[in-house]
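Below, each chain spelled out in residue letters.
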Amino acid sequence: MTTQIELDLADDFEIVPGDADETIDVDGWGTTRLYAPRRVRSLTTVSTRWPWDTNFTAQAATAYRLRKSLNAAGSAMVDGTKNDWLDAMPGLSTGAWPSGASTIRLVGKFGWALVPDDIKRLVALKTYDQIKGNADPLSRIVQRQTLDATITYGPSSEVTDIMNRYRRSPALAYIG
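In short, a report on the structure. Treat the numbers as computed from the prediction; the structure is a model and nothing was measured.

## Thoughts on empty space enclosed by the protein
Working step 1: All chains considered together, the criterion is met by one cavity of 30 Å³ or more.
Working step 2: Of the volumes computed, that of the largest cavity is approximately 30 Å³.
Working step 3: Residue lining of the largest cavity: Glu 14, Ile 15, Val 16, Asp 19, Arg 41, Phe 110, Gly 111, Trp 112 and Ala 113, and that is the complete set.
Working step 4: Of the residues contributing to the lining of the largest cavity, the split by class is five nonpolar, one polar and three charged.

## Considering the sheet that holds strand 2 (residues 33-35)
Working step 1: One open sheet holds the three strands; their spatial order is 2-6-5, and the pairing between them is antiparallel. Two strands bound the open sheet, and with one partner strand each, they are strand 2 and strand 5 (64-67). Neighbouring strand axes in the sheet, compared pairwise and without regard to direction, differ in orientation by 20° on average.
Working step 2: For strand 5 and strand 6 (residues 85-88), the ladder comprises four bridges, and the chain directions are antiparallel.

Thresholds applied
- Residues numbered from 1 in each chain as written.
- Predicted model: local features only at pLDDT ≥ 70, side-chain atom pairs only at ≥ 80, totals over all residues.
- Heavy atoms only, no water.
- 1 Å grid on protein atoms, 1.4 Å probe; cavity = no way out; pocket = protein on both sides within 12 Å on 5 of 7 lines; lining within 4 Å.
- Points joined across faces, edges and corners; volume = space filled by probe spheres on them.
- Nonpolar A, V, L, I, M, F, W, Y, C, P; charged D, E, K, R; others polar.
- Pairing = 2+ DSSP bridges.
- Helix = DSSP H or I, 4+ residues; strand = E, 2+ residues; numbered from the N terminus.
- Axes fitted to C-alpha atoms, helices over the stretch in contact; angles between N-to-C directions.

See below:
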């Protein structure tokens with residue numbers, strides 16, 4: 001269920017043991033804004049390469065500005081922001097984020113440091129919904145028949161609210 005929720009929300013709630021740095025290769029689009037495929041807590045190194053080159057060049061910390069969606073502790077969203085991005089600044093050696101597959105390398109800490117209570121609740125609700133028996137007195141109405149029509153109900157409003165609060169746009173991949 002946890003994996004399904006991570007896929008549905010395009011987010012990463014699994015805690016990395018030891019909180020070690022991770023490396024992510026990102027596709028560039030030739031623009032000055034680069035959306036990170038995962039939430040960024042901190043960056044150690046940002047490197048770029050041209051599509052025809054295999055060597056990455058480390059960029060100075062002043063060559064980009066990071067906009068994070070999580071607070072410094074990695075435990076809560078900042079102002080409900082769901083996406084993280086890096087804006088290219090005048091010091092970026094390539095001028096803009098280079099176009100191509102895996103042309104940007106990010107090294108740092110990604111994802112949530114702590115699983116939010118809302119997400120723990122969402123896992124519990126969706127797990128219960130999957131395993132409960134049909135004769136369970138706590139089950140919710142799925143469909144109701146009237147004289148005029150058949151009314152079908154969706155997930156609970158609590159599940160929908162949590163999913164809407166945390167759902168991110170999936171990252172795009174460069175093909176070309």
